[in-house]
Amino acid sequence: ATPEPTATPEPTATRTPLPCTTFEPNADLADCNLSRETLGGKDLSGANLRSANLTGAILDGTNLSGADLTSAVMTNADLTDADLSDAIMVGVNFRGADLTDAVLDNADLEKADFSDAILEDASLKGTNLLDAKFIGAEMKGANLDSAIIVGIRLLDAKMRSVTLTNLIMDRM
């Protein structure tokens, strides 16, 4: 009797991440080191940037709408005029970042750290700012209309002409 041939298992599909040089909508850039990278004006809408290092990155005018930036490090990044609307940015470190004229509407910014960041004329309408830190932040002219501000820390924040209407200040 001849032995039965053993079946070769089918290869399982594994996720092959794109290299950290693919900058396009829905790109997978999770865990990438993009510190000091120049990405100004790029379209990274819907991109996965979970735990990415964007320290000192140039992201002025970049479209990051709907992107997942959970736990990303954006210390000292230039995000002037960037679109971060509808992005997931839980626990992001924005310390010292420049978000002048940035749009963060309807973003999830729970536990984000904006200490010493510049948010002049930034739009944060409808954002979740639960337990976020704005210690020493420059927020002149920022719009926080309808934002959730439970547990927010604003020690030494400069808040001249900030829009604070329809805020949600209690845990539901």
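Above this note sits the structure.
Presented here is a report on the structure given in the accompanying data block. (Residues numbered from 1 in each chain as written. Predicted model: local features only at pLDDT ≥ 70, side-chain atom pairs only at ≥ 80, totals over all residues. Heavy atoms only, no water.)

## Describing the overall build of the protein chain
In terms of regular secondary structure, the protein chain is built from zero helices and zero strands. Counting over 172 residues, the protein chain shows a buried share of 41%. Pairs at least 24 apart in sequence give 1% of the contacts found in the protein chain among residues at least 6 apart. Total accessible area computed for the protein chain in this model is approximately 8800 Å², and 48% of it derives from carbon and sulfur atoms. (Helix = DSSP H or I, 4+ residues; strand = E, 2+ residues; numbered from the N terminus. Buried < 20%, exposed > 50% of the residue type's maximum accessible area, 1.4 Å probe, protein only. Contact = heavy atoms within 4.5 Å. Areas by Shrake-Rupley, 256 points an atom, 1.4 Å probe, with all protein chains shown as cover.)

## Quick notes on a negative patch on the surface
Together, Asp60, Asp81, Asp101 and Asp121 give the surface a local cluster of negative charge. Asp121 sits in the partly exposed class, given a relative accessible area of 41%. (Patch = residues over 30% accessible without salt bridge, like charges linked within 9 Å, V, L, I, M, F, W, Y side chains within 5 Å. Salt bridge = Lys/Arg side-chain N within 4 Å of Asp/Glu carboxyl O. Lys, Arg positive; Asp, Glu negative; His and termini not counted. Charge placed at Lys NZ, Arg CZ, Asp CG, Glu CD.)

## Looking at the pattern of salt bridges
Under the counting rule described, the total for this entry stands at three salt bridges. For Asp113, the salt bridge identified is with Arg95, shortest N-O distance 3.1 Å. Between Lys133 and Asp113 there is a salt bridge, and its shortest N-O distance comes to 3.8 Å. Judged by its relative accessible area of 25%, Lys133 is partly exposed. Each of Arg95, Asp113 and Lys133 takes part in one network of salt bridges that share partners.

## Points about the side chain of Asn128
With a relative accessible area of 16%, Asn128 lands in the buried category. Side-chain polar atoms of Asn128 contact the backbone nitrogen of Leu130, separated by 3.0 Å. Leave out the neighbours within four places in its chain, and Asn128 touches Ala107, Asp108, Leu109, Glu110 and Ile148. (Polar contact = N/O pair within 3.5 Å; in protein donor to acceptor, adjacent residues only side chain to side chain.)

## Focus: the packing of aromatic side chains
Each aromatic ring pair is characterised by the separation of its centres together with the angle its planes make. Counted according to the given criterion, the structure contains two aromatic pairs. Both rings, one in Phe94 and one in Phe114, keep their centres 4.6 Å apart while their planes meet at 5 degrees; by these two values the pair is stacked. Accessibility expressed as a relative area gives 0% for Phe114, which makes it buried. Judged by centre distance (4.7 Å) and plane angle (5 degrees), the ring pair of Phe114 and Phe134 falls under stacked. Residue Phe134 is classed as buried on the basis of its relative accessible area of 0%. Ring pairing ties together the aromatic residues Phe94, Phe114 and Phe134, which thus form one cluster. (Phe/Tyr/Trp six-rings, centres within 6.5 Å; stacked < 30°, edge-to-face > 60°.)

## Section: the nonpolar core
The nonpolar side chains of soluble globular proteins are, as a tendency, buried together. Grouped together as the largest cluster of nonpolar side chains are 50 residues, with contacts concentrated most on Leu69, Phe94 and Leu99. When neighbours within four sequence positions are excluded, Leu69 is seen to be in contact with Leu49, Arg50, Leu54, Met74, Leu84, Ala87, Ile88, Met89 and Val92. (Core = buried A, V, L, I, M, F, W, Y, C linked by side-chain atoms within 4.5 Å.)

## Notes on the environment of Thr100
Sequence separation between Thr100 and Gly141 is 41 residues, and the spatial gap between their C-alpha atoms is 9.8 Å. Residues in contact with Thr100, not counting those within four places in the same chain, are Leu79, Thr80, Asp81, Ile118 and Glu120. A distance of 2.5 Å separates a polar atom in the side chain of Thr100 from a polar atom in the side chain of Asp98.

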